[in-house]
Amino acid sequence: MVAAGAALADEVGLAHLTMGVLAERLGVRTPSLYKHVAGQEDLNRRIAALALSEAADAVGVAVQGYAGREALAAAARAFRAFVLEHPGRYAATIGVEPSGPDDPLTTAGRRLLGAFMAVLRGYEIAEPDVDHALRMLRSLCHGFATLQAAGGFQWSADIDESFEWLIAFTDRGLRGT
């Protein structure tokens, strides 16, 4: 049911995903869903955990065997592709807080963080700056992908070319730290 909710969120947008809409899609009555989730918030949290896990898989696989700029490019492209292919489920990850160390959000979030940490190992970043570098990478990848998914780039420059420019710029910045 969570996978169906995630797919529907991608299709209609997370803001338009309701228990009633999901029940209709699944061909069941809305009360039947409450056997599987506690309500809308629980459904959204489960979708967020699924999305983080899927993003971690995509980025983790993409960076294997690469280091430095190649790892950065692979991670950024995989993350961007995930957000563009799954905008609704990715939206569920924004602003949701794990409830504790055993929360699936915590586990999936750590896995995604680990994939981006693998990218940073290819750069000489001082230990006190690692958190800043991770936040920068997330901000750049998240910002570009969510803006693109929302149709935010409407001028004439090629979007893919801009993204490759962003990767090159980020690589230069990480090498200069």
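What you see is a predicted model, and the numbers here were worked out from it, not measured in a lab.

Visitor: How should the layout of surface pockets be read in this particular structure?
Guide: Empty pockets left among the atoms are what a rolling probe the size of a water molecule brings to light. What the largest pocket holds in volume is close to 630 Å³. Taken together, 19 residues make up the lining of the largest pocket; nearest its centre are Leu52, Gly109, Leu112, Leu113 and Arg138. Broken down by secondary-structure element, the contributors of at least two residues to the lining of the largest pocket are α7 (104–120) and α8 (130–149). Split into classes, the residues belonging to the lining of the largest pocket amount to eleven nonpolar, three polar and five charged.

Visitor: Looking at this model, I keep getting lost on the pattern of salt bridges. Mind explaining?
Guide: Pairs can form between side chains of opposite charge whenever their charged atoms are close. In total, this model carries nine salt bridges according to the counting rule given. A salt bridge links Asp10 to Arg89; its shortest N-O distance comes to 2.8 Å. Here Asp10 is found in helix α1 (residues 2–12), whereas its partner Arg89 is found in helix α6 (residues 87–91), with 79 residues between them in sequence. Close ionic contact of Arg25 with Glu11 constitutes a salt bridge, the shortest N to O distance being 2.8 Å.

Visitor: How should the environment of Val130 be read in this particular structure?
Guide: Here Val130 lies in helix α8. By relative accessible area, Val130 is classed as buried at 11%. In sequence terms Val130 and Met117 are 13 residues apart; their C-alpha atoms lie 8.4 Å from each other. Those residues in contact with Val130 that sit more than four places away from it in its chain are Met117, Leu120 and Ile125.

Visitor: I would appreciate a short explanation of the nonpolar core in the present structure.
Guide: It is characteristic of soluble globular proteins that their nonpolar side chains tend to be buried jointly. In terms of nonpolar packing, the biggest core is built from 53 residues, with Val59 and Phe116 touching the most fellow members. At the level of secondary structure, the elements contributing two or more residues to this core comprise α1, α2 (19–26), α4 (40–63), α5 (68–85), α7, α8 and α9 (159–176). When residues of this core are assigned to their parent elements, the largest contribution, eleven residues, is made by α4. Discounting residues that sit within four places of it in the chain, Val59 has contacts with Ala75, Ala78, Phe79, Leu112, Ala115 and Phe116.

Visitor: Just to check I follow, could you spell out the packing of aromatic side chains for this structure?
Guide: Between two aromatic rings, the relevant description is the distance of the centres plus the angle of the planes. A full pass over the atoms with the stated rule returns six aromatic pairs. Seen from their ring centres, Phe153 and Trp155 are 5.9 Å apart, and the 75° between their planes marks the pair as edge-to-face. Clustering of aromatic rings is evident, with ring pairs tying together Phe144, Phe153, Trp155 and Phe163. Over the face of the ring belonging to Phe163 we find Arg80, whose NZ or CZ atom lies 4.5 Å from the ring centre.

Visitor: Teacher, can you tell me more about empty space enclosed by the protein here?
Guide: As enumerated under the stated definition, the model contains one cavity of 30 Å³ or more in all. Considered as a void within the structure, the largest cavity measures approximately 50 Å³ in volume. Around the largest cavity, the lining residues are Leu72, Ala76, Leu137, Leu140, Cys141, Leu166, Ile167 and Thr170. Counting only elements with at least two residues in the lining of the largest cavity, the list comes to α5, α8 and α9. Residues of the lining of the largest cavity, tallied by class, amount to seven nonpolar, one polar and no charged.

Visitor: In this structure, what is going on with the environment of Asp160? I would like to understand it.
Guide: Here Asp160 shows up in helix α9. Relative accessible area serves as the criterion here: at 44%, Asp160 is assigned to the partly exposed category. Between the C-alpha atoms of Asp160 and Arg77, which are 83 residues apart in sequence, the distance is 9.9 Å.

What counts and how
Residues numbered from 1 in each chain as written. Predicted model: local features only at pLDDT ≥ 70, side-chain atom pairs only at ≥ 80, totals over all residues. Heavy atoms only, no water. 1 Å grid on protein atoms, 1.4 Å probe; cavity = no way out; pocket = protein on both sides within 12 Å on 5 of 7 lines; lining within 4 Å. Points joined across faces, edges and corners; volume = space filled by probe spheres on them. Helix = DSSP H or I, 4+ residues; strand = E, 2+ residues; numbered from the N terminus. Nonpolar A, V, L, I, M, F, W, Y, C, P; charged D, E, K, R; others polar. Salt bridge = Lys/Arg side-chain N within 4 Å of Asp/Glu carboxyl O. Buried < 20%, exposed > 50% of the residue type's maximum accessible area, 1.4 Å probe, protein only. Contact = heavy atoms within 4.5 Å. Core = buried A, V, L, I, M, F, W, Y, C linked by side-chain atoms within 4.5 Å. Phe/Tyr/Trp six-rings, centres within 6.5 Å; stacked < 30°, edge-to-face > 60°. Lys NZ or Arg CZ within 6 Å of the ring centre and 35° of its normal.

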